[in-house]
Amino acid sequence: MLRQALALLIVVALSGAGYLLLTSDGRQLLDRASINYTRWQNNWYHRDGLPLPGTPDLAKFDERLKAQGVALGAPVFLRIFKLESELEIWMQKDGSYQKFATYPICLWSGRLGPKLREGDRQAPEGFYAVTKDELNPNSRWHRSFSLGFPNAFDRGLGRTGSFIMVHGGCQSVGCFAMTNDVVDEIWRLVTAALDQGQPAFNVQVFPFRMTEKNLAARKGDKWSPFWADLKKGYDAFERTHLPPMVSVCEGRYVIAEAKLGDVPAAPAECAATASREP
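Note that the structure is predicted; figures quoted are calculated from it, not measured.

An ideal rise of 1.5 Å per residue puts 34 Å on 24 residues; helix α2 (residues 24–47) measures up with 34 Å between its terminal C-alpha atoms. Turning to α2, its buried residues are Gly26, Asp31, Ile35, Thr38, Arg39 and Asn42. Remark: Gly49 follows α2 within two positions and exhibits a positive phi of approximately 75°.

Right, let's talk about the pairing of strand β7 (residues 142–146) for a bit. Side-chain direction in a regular strand flips from residue to residue, so the side chains alternate between the two faces of the sheet. Examined bridge by bridge, strand β6 (residues 135–139) and β7 share three bridges and lie antiparallel to one another. Bridged to Asn136 within β7 is Ser144. Two successive antiparallel strands, β6 and β7, enclose a turn made up of two residues. As paired elements, β7 and strand β8 (residues 165–167) share three bridges and run antiparallel to each other. Within the sheet, the bridge partner assigned to Phe145 lies in β8 and is Val166.

Below, the discussion takes up a nonpolar patch on the surface. A cluster of nonpolar side chains, namely Tyr37, Trp40, Trp44 and Leu50, defines an oily patch on the protein surface of about 460 Å² accessible area. Mapped onto the elements of the fold, Trp44 is located in helix α2.

Our next topic: unusual backbone geometry. Phe149 connects to Pro150 through a cis peptide bond whose omega is 0°. Here the phi dihedral of Asp94 falls at roughly 55°; this positive angle occurs in a residue that is not glycine. Mapped onto the secondary structure, Asp94 falls in the loop between β2 (86–93) and β3 (96–104). Given the relative accessible area of 72%, Asp94 is considered exposed. Phi is positive for Thr179, close to 75°, though the residue is something other than glycine. Its location among the elements puts Thr179 in the loop between β9 (176–177) and α5 (180–195). Taking relative accessible area as the criterion, Thr179 reaches 11% and is therefore assigned buried.

Thresholds, definitions, all that
Residues numbered from 1 in each chain as written. Predicted model: local features only at pLDDT ≥ 70, side-chain atom pairs only at ≥ 80, totals over all residues. Heavy atoms only, no water. Helix = DSSP H or I, 4+ residues; strand = E, 2+ residues; numbered from the N terminus. Expected span 1.5 Å × (residues − 1). Buried < 20%, exposed > 50% of the residue type's maximum accessible area, 1.4 Å probe, protein only. Pairing = 2+ DSSP bridges. Patch = residues over 30% accessible without salt bridge, like charges linked within 9 Å, V, L, I, M, F, W, Y side chains within 5 Å. Areas by Shrake-Rupley, 256 points an atom, 1.4 Å probe, with all protein chains shown as cover. Salt bridge = Lys/Arg side-chain N within 4 Å of Asp/Glu carboxyl O.

Put into structure tokens, the structure is as follows:
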């Protein structure tokens, strides 16, 4: 009888846990657990002076360029995925873009979801463009570049913040910390592209890889409608391997697929002429 009672309690507990994990709150708990584990692991590696898991062979930079048939100075395009703690760099080849490298992010702060206000210690999500003016070779975090937050979309919603960076080290209060060695390679790629005439490079920041499965698993989240709009930008690039044309209309991102030869712009109000090219 006692065994049956214990078995029943276990079944009820497991059923309750299973139900919780199917809810929005349960999904958030799982995401936070995954994020916190990655943060703990990366901090451990960084503290011991080891490359983070998944770091490319930085010493073979020139060999990696040659193997992929891309040249230093080619236009670049960046994507960031918060849940996976990854930053991708894509480089232009034969008109479209191909992925050159995926780097682990040592630390980003906050939770999944956009940055809302100055001081909320939250890393942003959205579509950004970086010019030479955003570069800081003498950052307190080794090297850094500002994402340009808040952009036209953020400002339209009254969101505030400043100095949201991709930088070295492994500390963050709203930025994306890449470690010094990794940010050196990223810096080399983006500055070479800007020096060779790319007016600005685009950075897309997503909460997670924007697959149908991932979005469906979080359909009850309050940010689900916002993420659905971000997914349109993700999908456009997945189809074309060209940074999409992004505008802001009535408080929402509006995405149009780019064609070879198009000059995508930083997010701007509808019918406005954007001044920067990613």
